[in-house]
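Geometric and topological summary
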Amino acid sequence: MTYDDEARDEAGAARDFRTLLHSLRVWDGIDLPHFAPEAAPATPLPLFRAWLREAAEAGQPEAHVMTLATADADGRPSTRVLTLHDADEDGWHFGTHSTSRKGRELAARPDAALGFYWPVQARQVRVEGQVLSGTPEAATADLHARSTGALAAALTGRMSDVLPSQAELREASEASWTRAEADPTLTAPTWTLYALAPTAVEFFQGDARRQHVRLRYRRDGERWVRELLWP
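I will try to describe carefully the structure that is included in this document. None of these values were measured; they are calculated from a predicted model.

**Re the pairing of strand E9 (residues 223-229)**
Taken together, the 7 bridges between strand E8 (residues 213-220) and E9 define a ladder with antiparallel strand orientation. By the bridge assignment for E9, aspartate 220 is matched with arginine 223. Taking the residues that link successive antiparallel strands as the turn, the E8-E9 hairpin has 2 residues, and the phi of glycine 221 there is positive, at about 70 degrees.

Right, here's the structure in full:
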């Protein structure tokens, strides 16, 4: 194949990809729920809990899955998808190893953001704030409240380290599963439960005519200020 042939193939692939993107539809055929921001509660937590429950009841798979955005000491951002473990007055909770990339970034720069997207209802929630580390006791309780697989994964550890081969992962994983099944009370020393204490929480309700409703809760001292945003 000549350079010109490769260039034509690449141009065709690029056209095909753009055609694919333009053919995709957002919220196509969905009966979108109505959101009246004037009736929203005074604080964001009750509304978040209600929206997550409604998303799950509407058939949204993995409604508790979210994107966590962090940045390193130099401000370089990174994101990853993980699960929400709880949401209460202390914040939005998630767990990971303190030695993982996100754990190291949170230690250097505790500001972070969470993003939830529930396309089945055209809803998003964004949570911004500072992340605090929980106690070792809280981390242990969190780990033991989850599945054997979660404990086995935590025992495997070495999250974000370079993996020499899939065979090494299989060997370490099988050993961790054996340990977790034999003793469900085991702990992983670096496993940490984090809580993002929010300073801003935004609720987005999509609209077919692009008249989206965006309601932001912004913390002002001890109180929450509610304000609408242009879509």
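**Here we look at unusual backbone geometry**
The backbone of tryptophan 27 sits at a positive phi, close to 55 degrees, despite the residue not being glycine. For tryptophan 27, the position within the fold is in the loop between helix H1 (3-23) and helix H2 (44-57). Judged by relative accessible area, which is 15%, tryptophan 27 ranks as buried. A positive phi angle, near 65 degrees, is found at arginine 210, a position not held by glycine.

**Considerations on the packing of helix H5 (residues 148-156) against helix H6 (residues 166-182)**
Running from amino to carboxyl end, H5 crosses H6 at an angle of 125 degrees, the nearest separation of the two axes being 8 Å. Judged on the interaxial angle alone, H6 and H5 are oblique. Helix-helix and strand crossings are classified by hand; for H5 and H6 the assignment is right-handed. Across the interface between the two elements, Thr148, Gly149, Leu151, Ala152, Leu155 and Thr156 from H5 touch Ala172, Ser173, Ser176, Trp177, Arg179, Ala180 and Glu181 from H6. Residue composition of the contact of H5 with H6, by class: 6 nonpolar, 5 polar and 2 charged.

Conventions adopted
Residues numbered from 1 in each chain as written. Predicted model: local features only at pLDDT ≥ 70, side-chain atom pairs only at ≥ 80, totals over all residues. Heavy atoms only, no water. Pairing = 2+ DSSP bridges. Helix = DSSP H or I, 4+ residues; strand = E, 2+ residues; numbered from the N terminus. Buried < 20%, exposed > 50% of the residue type's maximum accessible area, 1.4 Å probe, protein only. Axes fitted to C-alpha atoms, helices over the stretch in contact; angles between N-to-C directions. Parallel < 35°, antiparallel > 145°, perpendicular 65-115°, else oblique. Left-handed = near helix turned anticlockwise from the far one by under 90°. Contact = heavy atoms within 4.5 Å. Nonpolar A, V, L, I, M, F, W, Y, C, P; charged D, E, K, R; others polar.

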